[in-house]
Amino acid sequence: MVETHTFVVYVEDRPGVLNRVASLFRRRAFNIESLTVGHTERAGVSRMTIAVKADRTGAQRIEAHLYKLVNVINVEDITSTPSVLRDLAMIKVAATQESRSDIMQLVDVFRARVVDVAPDSLIIEITGTEDKIDSLLEVLRPYGVIEMVRTGRVAITRGTKNGSSGLAVRPPASPSDEAKVSYSV
Amino acid sequence: MTLTGAQILWESLVREGATTVFGYPGGAILPAYDAMLDYPIRHVLVRHEQGATHMADGYARASGRVGVAVATSGPGATNMTTGIATAMMDSSPIVCITGQVGSHLIGYDAFQETDITGVTLPITKHNYLVTRPEDIAPAIREAFYIAAHGRPGPVLIDITKDAQQRTCELDWDGAVPKPHKRPGRRPHPEDYAQALRLINEARRPLILGGHGIMLSGAMHIVREFAERAHIPVAMTLLGIGAFPASHPLNLGMMGMHGEAWVNTAIQEADLLLAFGMRFDDRVTGNLTTYAPNAKKIHIEIDPSEINKNVRVDVAIVGDLRAVLEELLPDVAEGDRSEWIDSLASLKGDAAVRDIQNMPDSGHLYAAHVIHDLWHATDGNALVVTDVGQHQMWEAQYYKHDQPRSLITSGGLGTMGFALPAAIGAKIARPDAEVWAVVGDGGFQMTMAELGTIAQERLDLNVAIINNGYLGMVRQWQEFFYERRYAATPLLNPDFAKLAEAYGLTGTTVTTRPAVIPAVQAARAHRGTVVIDFQVEQEDSVFPMVPAGGDLHAMIRRPSPSPIVETSADP
Ligand SMILES: Cc1cc2nc3c(=O)[nH]c(=O)nc-3n(C[C@H](O)[C@H](O)[C@H](O)COP(=O)(O)OP(=O)(O)OC[C@H]3O[C@@H](n4cnc5c(N)ncnc54)[C@H](O)[C@@H]3O)c2cc1C
Ligand SMILES: Cc1ncc(C[n+]2csc(CCOP(=O)(O)OP(=O)(O)O)c2C)c(N)n1
Ligand SMILES: [Mg+2]
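Nothing here was measured: the structure is a model prediction, and the numbers come from that model. (Residues numbered from 1 in each chain as written. Chains lettered and ligands numbered in written order. Predicted model: local features only at pLDDT ≥ 70, side-chain atom pairs only at ≥ 80, totals over all residues. Heavy atoms only, no water.)

Buried accessible area, meaning the area lost when the parts come together, often serves as the stated size of an interface. Residues and elements named next belong to chain B. Domain boundaries assigned for chain B yield domain 1 (2–166), domain 2 (189–347) and domain 3 (354–539). Distance between the C-alpha centres of domain 1 and domain 2: 37 Å. Contact with domain 1, which involves seven residues of that partner, is made by seven residues of domain 2. The junction of domain 1 with domain 2 conceals about 570 Å² of combined surface from both sides, 58% of it contributed by carbon and sulfur atoms. There are two salt bridges connecting domain 1 and domain 2. One salt bridge connects R151 with D302, and the closest N-O pair in it is separated by 3.0 Å. Linking domain 1 to domain 2 there are three residue pairs in polar contact (both at pLDDT 80 or more). (Domains from an automatic or database assignment. Contact = heavy atoms within 4.5 Å. Buried area = accessible area lost by both parts, 1.4 Å probe. Salt bridge = Lys/Arg side-chain N within 4 Å of Asp/Glu carboxyl O. Polar contact = N/O pair within 3.5 Å; in protein donor to acceptor, adjacent residues only side chain to side chain.)

Structure representation (structure tokens):
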């Protein structure tokens, strides 16, 4: 069954790492829906959230291929782990004298915010799941969506586990440790 | 110890065990070349940087050690890409060092600037752009580690000119590779149990032996395994040599040009044991009809290979040798004579069609040349083949009993591979009798390396299988394009004279009786001999499973073969 898989990927914060990950998905013809990257609570470690359409075998292959990148520290497919998924959008919508209050009402219903007001347009900021943002977009369309920008999905699993603290980032290793550590392949 | 980056480069290579590098100088790598003279390194001056990478590859495949190639920035680096991609596809451990323009010039389209780490991203296991001398030793130590560990592969290190020129302290101990911990890759005990169950219950099992046997050093244990459980073994092209060809359990090569009985065995087997092979499409043919009756066990070090082409019932991710060591004690001794005898009976039909058993037509056939070469060298040569028909005939008719005695470009199918790879192999194993077996087309792609042979005074031999065609492509045109020979006939030079022009020895052979004497003369001669074997022009490799076709529907050599008349000069 093909569905959207969400991967949380910890990588070394080094030049070119994003390129390596993106190149892998392109080369293997995996279909990325969104990829976000940013710093973590830990210096030298970045975190990517990658949403990708795949079946189960495909998802396992993606994980295996990610581990083959030397700069990748940890990969987790959190698709079936209880998680909070968020996307952020800013939507510039046409707003006339008459439509303005209608739009404001919609903004309230969706718990979005107006972050800029111009004579003939508004900028709305909304955070939520992709579905929720899609729905808001749907109801705003009739008013005239002028421009939109979205961050793509970011994700974090619920509860206390995980985070980068448990990750071994380039631990000192002697060649005799080889059995325990490996550049996968 | 304060050193220049260039000195650190050689110091590190020497400490990693490199004794020979294959290279070609230029502006951006000049500081490194200057420093090289002070280190115990043999530098082999190639004639094209592609040759350097194939030599490093041949060196690695012949010896199991990491091969090293060196080139300058820009065109020197881009010339390496074919060899890097070849090593990537066939899991060969090489380290490529390239010079790069000064770090302050990067991004400014400086003279001979190419983003070679960008270019080689998808064809290296890993690569580095090094802009500071401090980073050279760590990059080299890590590169050697990555190239040789897990599933081997090529690593490229691009070093800016200023990083070669500036100085710093060499901190060797601080440069130790620090790999990340990976989550548990240990095979599950349940996987072992299930594998054992399948093995011990199978009535028609078959081992598919691949290149991974050699890479893992599992030759001995695979043999013990096969003998104990009485299971026949089929080889991939790159697996050839990992299990002795003369062993009664060895069936021969599988796949597109594999033996007919081997492919039949695969289709009839009830269990396939894939040992260090990756179910390449030239091995499986049509996936939907592949081995329909067989359960499959895949022992493989690279998790991304599992369920890639063929869905398997049990996957054990790990080093083949380690996994087999764990499994073997619980494998029941078996007697599978019935299955093995039934396979042997299939060979009768094939023998009738085998060109070796046909009456002498007076024509010289490539398959005869290979057969005689095998005979004359007692099967002990280290053969390096190029890509095409001759490559398949070599795989079919040279019987390899020793591991690492056949070196060939399988995954990328790189024409021009044989001559430089044979040079690398000879330098890695000076005591081996090395033969390059190469087509008239592929030879002309890298024949400039005859110059390298002459300059290095190497003693290897070259058998050109000269059919006047890009034979393998001609064969496809014959079978699938109504004999419309678009761009496949070749007008060739006099190869023997060409060899002489380089100060080597050249001979030409046109008849069967002249084959063995020519081979023996080449063996007795100190120095390289190039033999131009002028063979039947329109012969084809049989059997053949058309690309994507069913393994059991092979195109067979007509029996008995009507001898095809040699066509007029192309
Ligand atoms: C003209 C032409 C025709 C060809 N026809 C045929 C043909 O008829 N039959 C055929 O077989 N091939 C044929 N090939 C070659 C084919 O394309 C593949 O290159 C070949 O089948 C690959 O063999 P392999 O899987 O054993 O080796 P590789 O491609 O090198 O794969 C080795 C596998 O072993 C794994 N491995 C590595 N180290 C270990 C370890 N320590 N432990 C466990 N696993 C490990 C690797 O991860 C990899 O999956 C042809 C090629 C050409 C150019
Ligand atoms: C670099 C490269 N270009 C093109 C091909 C496609 N190709 C595969 S086999 C072949 C013909 C090889 O001819 P030759 O070297 O004469 O060997 P023969 O098949 O005649 O034995 C060609 C062109 C290739 N494998 N590699
Ligand atoms: Mg030819």
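Moving on: the coordination of the magnesium ion (ligand 3). Reference values for coordination geometry: four tetrahedral donors around a metal ideally subtend 109.5 degrees, six octahedral donors ideally subtend 90 or 180 degrees. Residue and element names in this part refer to chain B. Ligation of the magnesium ion (ligand 3) by protein atoms is provided by D440 (OD), N467 (OD1) and Y469 (O), these donors lying 2.0 to 2.2 Å from the ion. Sequence positions of the donors to the magnesium ion (ligand 3) reduce to the motif D-x26-N-x1-Y. One end of the pair, D440, is in helix α19 (residues 440–446); the other, Y469, is in the loop between β18 (461–466) and α21 (471–480), and 29 residues separate them in sequence. Residues D440 and Y469 agree in their burial class; the two are buried. (Donors = N, O, S within 2.8 Å, 3.2 Å for Na, K, Ca; no water. Helix = DSSP H or I, 4+ residues; strand = E, 2+ residues; numbered from the N terminus. Buried < 20%, exposed > 50% of the residue type's maximum accessible area, 1.4 Å probe, protein only.)

Residue and element names in this part refer to chain B. When you line up the elements, E227 lands in helix α11 (residues 219–229). Sequence spacing of E227 and G334 is 107 residues, and the spatial spacing of their C-alpha atoms is 8.6 Å. Those residues within four positions of E227 in sequence are excluded, and the remaining contacts are H247 and L249.

Here we come to the pairing of strand β7 (residues 121–128) of chain A. Residue and element names in this part refer to chain A. Extensive coverage of β7 is indicated by the burial of seven of its eight residues. Bridge analysis of strand β6 (residues 113–118) against β7 gives five bridges, and the strand direction is antiparallel. Note on β7: the bridge partner recorded for D116 is I123. (Pairing = 2+ DSSP bridges.)

Quick look at the site of ligand 2 now. All names here are of chain B. Around ligand 2 sit 17 residues, and of these Q389, G413, D440, G442 and G471 come closest. Between H390 and ligand 2, the recorded distance is 2.8 Å, taken from a side-chain N or O atom to an oxygen atom. In the environment of ligand 2, an oxygen atom lies 3.0 Å from a nitrogen or oxygen atom belonging to the backbone of Y469. Here ligand 2 loses 76% of its free accessible area of 580 Å² to cover by the protein chains. Considering each element in turn, the shell around ligand 2 owes the most residues, four residues, to α19. Of the residues contributing to the shell around ligand 2, the split by class is seven nonpolar, nine polar and one charged. (Near = heavy atom within 4 Å. Areas by Shrake-Rupley, 256 points an atom, 1.4 Å probe, with all protein chains shown as cover. Nonpolar A, V, L, I, M, F, W, Y, C, P; charged D, E, K, R; others polar.)

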